[in-house]
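# What the coordinates show
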Amino acid sequence: MNSLLSIFLKAALIDNVILVQYLALCPFVGMTSDTKKAFGMGVATTFVIILATMVTYPLYYCVLVKFHVEFLQTLVFILVIASLVQLVEFYLKKSAPGLYSSMGVYLALITTNCAVLAICMNCISKSFNYGEAVVYALGSAAGFIITMVIMSGIRMRMQTSKVPAFLKGNAILFITAGLLSMAFMGFAGLIK
């Protein structure tokens, strides 16, 4: 049994959902131009990742495995995630309009975020128990937020820096992401 701290740190730093698994690149490119937007997207995604993991894990083992229909995993998980996002959006709209107005835009984007689906599926493929799956989801979400905020800070710094004309835009963004990915690889030797 893995220690929960080890699972959390591995998910956040070593198996980073953006920099190592190359998932969620759309919000990574589109939402990191401003730190406030990047953090908002990260918080909204964290909420959905944890909620989706808490629902899909027992659904997989109590329904799909029980009835021997594990091959429907992807379809069922996508439907659950989309439904959860809609329910959360509906609940926030009715009960917390202020929170909804700040998160509402991000919730719609999370429906198509492949990182949410991948994290739910990784919990199954890594054979975690329920507690480990929730900690893994929390660690992956923390890694998502960390990466989004770091990249938004770097992008704000690049706006005032002299970047050669042929590297402006997404070219320098992906070069920076590659360097950041190599930096995160350094954590692999620290956490076992």
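A few points on the structure. Owing to the predicted nature of the structure, the values given are computational and were not obtained by experimental measurement. In this convention, every chain numbers its residues from 1, walking through the sequence in written order. Under the rules for a predicted model, residues below a pLDDT of 70 receive no local features and side-chain atom pairs below 80 are neither given nor counted, while totals for whole chains, interfaces and linings still include all residues. Hydrogens and water molecules were not included; the side-chain quantities draw on all heavy atoms of the structure.

### What about the nonpolar core?
Judged by nonpolar contacts, the single largest core of 55 residues is most densely connected at I18, F77, I110 and M148. In DSSP terms, a helix is any run of H or I states spanning at least four residues, a strand is any run of E spanning at least two, and both are numbered starting from the N terminus. Sorting the residues of this core by element identifies α1 (4-14), α3 (35-64), α4 (73-95), α5 (97-110), α6 (114-125), α7 (130-159) and α8 (170-185) as the ones contributing at least two each. Of all the elements, α3 adds the most residues to this core, at 9 residues. Only buried residues count toward a nonpolar core. Its members are Ala, Val, Leu, Ile, Met, Phe, Trp, Tyr and Cys residues joined through side-chain atoms within 4.5 Å. Buried means the residue's accessible area, taken with a 1.4 Å probe over protein chains only, is under 20% of the maximum for its type, while exposed means over 50%, and partly exposed covers the values in between.

### Notes on the layout of surface pockets
Think of a ball as big as a water molecule: rolled over the atoms, this probe shows where empty space is left. Grid points spaced at 1 Å and placed over the protein atoms alone form the basis of the search, with a cavity being a set where a 1.4 Å probe fits but cannot get out and a pocket an open set showing protein on both sides within 12 Å along at least five of seven lines. Lining residues have an atom within 4 Å of a point. Grid points are joined across faces, edges and corners, and a volume is the space filled by probe spheres set on the points. As a volume, the largest pocket reaches approximately 200 Å³. If you trace the largest pocket, you find it lined by S33, R155, M158, Q159, S161, V163, K168, G169, N170, I172 and L173. Going through the elements one at a time, α7 and α8 are the ones with two or more residues in the lining of the largest pocket. Ten residues, namely Ala, Val, Leu, Ile, Met, Phe, Trp, Tyr, Cys and Pro, are considered nonpolar, four, namely Asp, Glu, Lys and Arg, are considered charged, and the remaining ones, Gly among them, are considered polar. The class makeup of the residues in the lining of the largest pocket is 4 nonpolar, 5 polar and 2 charged.

### Comments concerning a nonpolar patch on the surface
A contiguous nonpolar patch, built from F71, L72, L75 and L79 and spanning about 430 Å² of accessible area, is present on the exposed surface. Mapped onto the fold, F71 is located in the loop between α3 and α4. A relative accessible area of 67% means that F71 is categorised as exposed. Every patch collects residues that have over 30% relative accessible area and no salt bridge, joining them within 9 Å if they carry like charges and within 5 Å if they are nonpolar side chains (Val, Leu, Ile, Met, Phe, Trp, Tyr). Surface exposure here means Shrake-Rupley accessible area, sampled with a 1.4 Å probe, where a residue is shielded only by the protein chains that are shown. Salt bridges are defined as contacts in which a side-chain nitrogen from Lys or Arg sits within 4 Å of a carboxyl oxygen from Asp or Glu.

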